[in-house]
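Below, each chain spelled out in residue letters.
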Amino acid sequence: MVDELIDEVIAREGGFSDHPADRGGPTRWGITEKVARAHGYRGDMRHYPRDEAAAVYRRIYWSRPGLDRVAALSTRIAGELFDTGVNMGPEVAIGFLQRALNALNRNEKDYADLAVDRRIGPRTEAALAAYLKVRGRSGEAVLLKALNALQGERYMRLAEQRPANEAFLYGWLAGRVG
């Protein structure tokens, strides 16, 4: 599953980019120069290897945040968190999940509220499992909508707070939300 997600992200992110409004600077396959350097790459970003990008995606955006454990409960939720995490950071994506689970627990009738600590731990896993048990397949679709709503709102706020981000807003909403 994760290999397909990585392939989709790499296809969507494309090759080399160095947009003047992008604070990430030179980027290839969606990996910023800063991230590539932190993982040992020293060459020109125009030549950053695809396989190194895939390894970074697997390690930093899938394994480290624990999305494999989420995938054991819902591959669709894990895929959404992965994609959001790639663009906004895994901690932001996981915070969205925790906030949504808190808002959807019917005043703690289904499970206790979570601390929004932006980490996948036993309580977040248990809350997701309980939510999916109570709400089923349709609940999974509703949770995906909640995650996308939070993501879309964050993109809007980023564009409002920094007008240079308006250069990216349309693409973010078209390609990442929904």
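A short tour of the structure in this document, coming up. Predicted, not measured: the structure shown is a model, and the values here were computed from it. (Residues numbered from 1 in each chain as written. Predicted model: local features only at pLDDT ≥ 70, side-chain atom pairs only at ≥ 80, totals over all residues. Heavy atoms only, no water.)

## Details of the packing of aromatic side chains
The cut-off we apply is this: Working definition: rings of Phe, Tyr and Trp (its six-membered ring) pair if their centres are within 6.5 Å, and the pair is stacked with planes under 30 degrees apart, edge-to-face with planes over 60 apart, and tilted otherwise. Here's how the labels work: a residue is buried when its accessible area is under 20% of the maximum for its type, exposed when over 50%, partly exposed in between, all with a 1.4 Å probe on protein chains only. Numbering goes from the N terminus for both helices and strands, where a helix is a DSSP run of H or I of at least four residues and a strand is a run of E of at least two.
Within the structure shown, the criterion is met by 4 aromatic pairs. Relative to Tyr48, the ring of Tyr41 lies with its centre 4.9 Å away and its plane at 75 degrees, an arrangement referred to as edge-to-face. Classification of Tyr41 as buried rests on a relative accessible area of 10%. Between Trp62 and Phe82 the ring centres are 6.0 Å apart and the planes differ by 70 degrees, which places this aromatic pair in the edge-to-face class. Placement of the pair is Trp62 in helix H3 (residues 50-63) and Phe82 in helix H5 (residues 75-88), with a sequence separation of 20 residues. Neither Trp62 nor Phe82 differs from the other in exposure class; each is buried. A connected cluster of aromatic rings, assembled from ring pairs, spans Tyr57, Tyr61, Trp62 and Phe82.

## Some points on the packing of H3 against H5
Using the following cut-off: Axes here refer to lines fitted to C-alpha atoms; in helices the fit is confined to the stretch in contact. Angles between the N-to-C directions go from 0 to 180 degrees. The labels follow the angle: roughly parallel below 35 degrees, roughly antiparallel above 145, roughly perpendicular from 65 to 115, and oblique for the rest. In this scheme the crossing of two helices becomes right-handed for a clockwise turn of the near helix relative to the far one and left-handed for an anticlockwise turn of less than a right angle. Two residues form a contact once any of their heavy atoms are found within 4.5 Å.
Here H3 crosses H5 at 110 degrees, and the two axes come no closer than 9 Å. With respect to H5, the axis of H3 lies roughly perpendicular. Crossing of H3 against H5: the hand is right-handed. The segment H3 lies against H5, with Tyr57, Tyr61 and Trp62 engaging Ala78, Phe82, Gly85 and Val86.

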